[in-house]
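Here are the chains, one letter per residue:
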Amino acid sequence: MEKNDSQFDVIVVGGGNAALCAAITARDEGARVLLLERAPEEERGGNSSYTEGLMRFVYNGSDDIKALSPDLSEEEMKSDFGVYSEEKFFDDMARITQNRTDPDLCELLVRGSNPTMHWLKDRGIRWLPQFGRQSFKVDGKHTFWGGATLAAVGGGPGLVATLYKAAEKAGVQVLYRAWAKALIHSDRGVHGVVTNVNGVTRELAADSVILACGGFEANAAWRARHLGPGWDLAKVRGSKYNTGDGLEMALRIGAQPTGHWSGCHSVGWERYASDFGDPSTSDDYERDNYPFSIMINADGKRFVDEGADIRNYTYAKYGRIILQQPMQFAWQLFDSSVTHFLRPEYRSRHVTKVMANSIEELVDKLDDVNKPELLKTIREFNASVKRDVPFSPNVKDGRGTVGLELPKSNWAIPLENPPFEAYAVTCGITFTFGGVKITTDGQVVDTSHQPIPGLYAAGEMVGGLFYFNYPGATGLMSGAVFGRIAGRSAAFAAKLAKAA
Ligand SMILES: Cc1cc2nc3c(=O)[nH]c(=O)nc-3n(C[C@H](O)[C@H](O)[C@H](O)COP(=O)(O)OP(=O)(O)OC[C@H]3O[C@@H](n4cnc5c(N)ncnc54)[C@H](O)[C@@H]3O)c2cc1C
């Protein structure tokens, strides 16, 4: 950027998936676009770069998968991809959010999901089925189970790198270490962003501004304030730069907060993980095989139905429940008959793990636990398992418990075949659910319920989609769908402003 070059059609604040999709779309519509990424270049991409690049989208069978992933071999195409219909996506969003998801936004998300996969493919993203983490082999055949079947080649880093390449090729200007601080605003709306670029504060003018700079998950004070006591103690799974700046800037000029401000996506995460995400270790901190475990707390008691549903529909709400336990932690205990299902991260160096050849030895080795109570819990659990129901990892198998005050509904495996394995977990926060209200054109709405001229939002900053819980792999899709909508609307508004 030239020194005096500070007038743009569209400024996009943020440098993750939502921001990039918005910037590319606005540029494709002919706008002159500047993207402001707070992080240095080597840390660009926000939470998006910490993902597996996994996407939830509508498809009606293997032909739709082949259309997006044309290089699949004949052998791979024999997999059972199932169908993920619009109806199923709507049902999942309604059920998981306890019917609170905004129907208009949800409709845009669901109906926009398949076309957005093709749009991303046309921008250079290559898709492959996530064989290792979203399917189990049934009768020798990969069978997908969770509505999240394709992931970007190279995962989150691959997705982000390809989108930056596409943005730069399209002519989007990118500034790194560009920390947006405030919106430039008058009675006529938003006209730009006050930004600290490499330590120097500047005013950058634009006809439209798109905020796509994440939630407040990396801000301990805001977490305690909005999510509640104890949330300051959660580990941050991803970017340390998502501190709620965009939300703060928007609320300061009257934007309407909406959605589940005391809610967030949080998971079971290595107990001694670093405080913020670290690209070199974060992949090793996930502990998502709990449906095949029992989880116990410091009192030696189970505290949640580990097998209530398949992983993709419970993992995002169980972090909160772990945080609520004494000392904010839990142990996941596995019988040796299921340890071959454990994902590779359980085998990494970054685990707090105990192995034992008897239950007594296991209990003796576990730190910070009431041992007599734990022995009792394991004995009662083992005695309660419906052993006549076959175990089946791909479906809710109904192999539950009988007679326990807190049942386990599926995949109940007694702890009786050594060696036993135990893993210590705490709460890792992924992203926050509260955001600003937008119209179906992606425009931010104020507290008088009027759209704010010149202001748009996308990605984690949008409120109203997720409540209580979240269907796995919807965050990237939401960022891409609403990023494209915001990009198109912002470019159009900039054209109108020029014509006026
Ligand atoms: C470990 C992990 C794994 C995940 N896996 C998946 C998955 O496989 N599939 C899926 O769908 N979702 C996944 N998610 C959720 C997903 O990451 C988010 O939903 C999605 O990436 C959000 O995109 P975004 O563009 O809104 O935010 P981000 O990607 O977080 O981007 C926000 C950007 O804003 C920048 N920023 C912040 N403040 C400022 C400021 N003041 N000025 C300028 N820039 C600023 C940040 O540096 C960052 O670049 C995962 C999340 C984590 C943490």
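Structure: see above.
Residue indices follow the written sequence of each chain, beginning from 1 at its first position. For a predicted model such as this one, the threshold for reporting local features is a pLDDT of at least 70, and the threshold for listing and counting side-chain atom pairs is 80 or more; totals across whole chains, interfaces and linings nevertheless cover every residue. The side-chain quantities take in all heavy atoms of the structure and omit both hydrogens and water.

Caption draft 1: View of the environment of S135. By the criteria applied, helices consist of DSSP H or I runs no shorter than four residues and strands consist of E runs no shorter than two, each listed in order from the N terminus. Relative to the helices and strands, S135 resides in strand 5 (residues 135–138). A simple rule labels every residue: compare its accessible area, found with a 1.4 Å probe on the protein chains alone, to the largest value its type can have, and call it buried under 20%, exposed over 50%, or partly exposed in between. In this structure S135 comes out as buried when scored by relative accessible area, which is 5%. Spatially, the C-alpha atoms of S135 and R44 are 31 Å apart, while their sequence positions differ by 91 residues. By definition in these notes, contact holds between two residues if any of their heavy atoms fall within 4.5 Å. Apart from the residues within four sequence positions on either side, S135 is in contact with Q130, H142, T143, F144 and W145. Polar contacts, as counted here, are pairs of nitrogen or oxygen atoms within 3.5 Å of one another; within protein the pair requires one atom able to donate a hydrogen and one able to accept it, and residues that are adjacent in sequence qualify only if both atoms are side-chain atoms. Here the side chain of S135 touches H142 through a polar contact of 3.0 Å, side chain to side chain.

Caption draft 2: Fine view of the nonpolar core. Of all hydrophobic cores here, the largest spans 136 residues; its most connected members are W127 and L455. Here the element with the most residues in this core is helix 13 (residues 475–499); it accounts for 10 residues. With sequence-adjacent residues up to four places away left out, L455 is seen in contact with L183, V190, V209, L211, A250, I253, G442, Q443 and V444. Remark: nonpolar core denotes a set of buried residues (Ala, Val, Leu, Ile, Met, Phe, Trp, Tyr, Cys) joined through side-chain atoms within 4.5 Å.

Caption draft 3: Inspection of the packing of aromatic side chains at higher detail. When two rings of Phe, Tyr or Trp (its six-membered ring) have centres within 6.5 Å they constitute a pair, described as stacked for plane angles under 30 degrees, edge-to-face for angles over 60, and tilted for the intermediate range. Under the definition given, this model contains 21 aromatic pairs. Between F131 and F144, the ring centres sit 5.7 Å apart and the planes meet at 55 degrees, which makes this aromatic pair tilted. Linking F131 in helix 6 (residues 131–134) with F144 in strand 6 (residues 141–144), this pair joins segments that are 13 residues apart in sequence. The residues F131 and F144 share a single accessibility class, namely buried. Through a chain of ring-to-ring contacts, the aromatic side chains of F292, F341, F391 and W411 assemble into a single cluster. Looking at R44, its charged tip hangs above the ring of Y164, at a distance of 4.0 Å from the centre. When the NZ atom of lysine or the CZ atom of arginine is within 6 Å of a ring's centre and also within 35 degrees of its normal, the charge is said to sit over that ring.

Caption draft 4: Quick peek at the site of the ligand. A single heavy atom is enough: if one lies within 4 Å of a molecule or strand, its residue is considered near that molecule or strand. In the vicinity of the ligand there are 38 residues, among which E37, N47, S48, N242 and L476 approach most closely. Within the contact set of the ligand, an oxygen atom lies 2.8 Å away from a backbone nitrogen or oxygen of N47. Take E460: an N or O atom from its main chain is 2.9 Å from an oxygen atom of the ligand. Here the Shrake-Rupley method, with its probe set to 1.4 Å, supplies the accessible areas, and only the displayed protein chains count as covering residues. Within the complex, 97% of the 1000 Å² of free accessible area of the ligand lies under protein. The element contributing the most residues to the shell around the ligand is strand 9 (residues 178–186), with 3 residues. For the shell around the ligand, the per-class residue count stands at 15 nonpolar, 17 polar and 6 charged. In this count, Pro and Cys sit with the nonpolar residues alongside Ala, Val, Leu, Ile, Met, Phe, Trp and Tyr, while Asp, Glu, Lys and Arg are called charged and the others, Gly among them, polar.

Caption draft 5: Just the pairing of strand 17 (residues 353–356), in detail. Where burial is concerned, the two faces of strand 17 differ: the one with V354 and A356 is buried and the one with K353 and M355 is not. Any two strands with at least two DSSP-identified bridges between them are counted as paired. Pairing analysis gives 4 bridges linking strand 17 to strand 18 (residues 420–432), with the strands arranged antiparallel. For M355, the partnering residue across the bridge sits in strand 18 and is E421.

Caption draft 6: Structural detail: unusual backbone geometry. A cis geometry characterises the amide bond from P418 onward to P419, with omega recorded as 0 degrees. Residue placement: P419 occurs in the loop between helix 12 (371–384) and strand 18. Residues other than glycine seldom take positive phi values, yet Q98 does so here, at roughly 55 degrees. With respect to the secondary-structure elements, Q98 resides in the loop between helix 4 (86–96) and helix 5 (103–122).

Caption draft 7: Seen up close, the side chain of T149. For T149, the position within the fold is in the loop between strand 6 and strand 7 (150–152). The residues contacting T149, other than those within four sequence positions of it, are M55, Y59, I65, F81, L128, P129, Q130 and F144.

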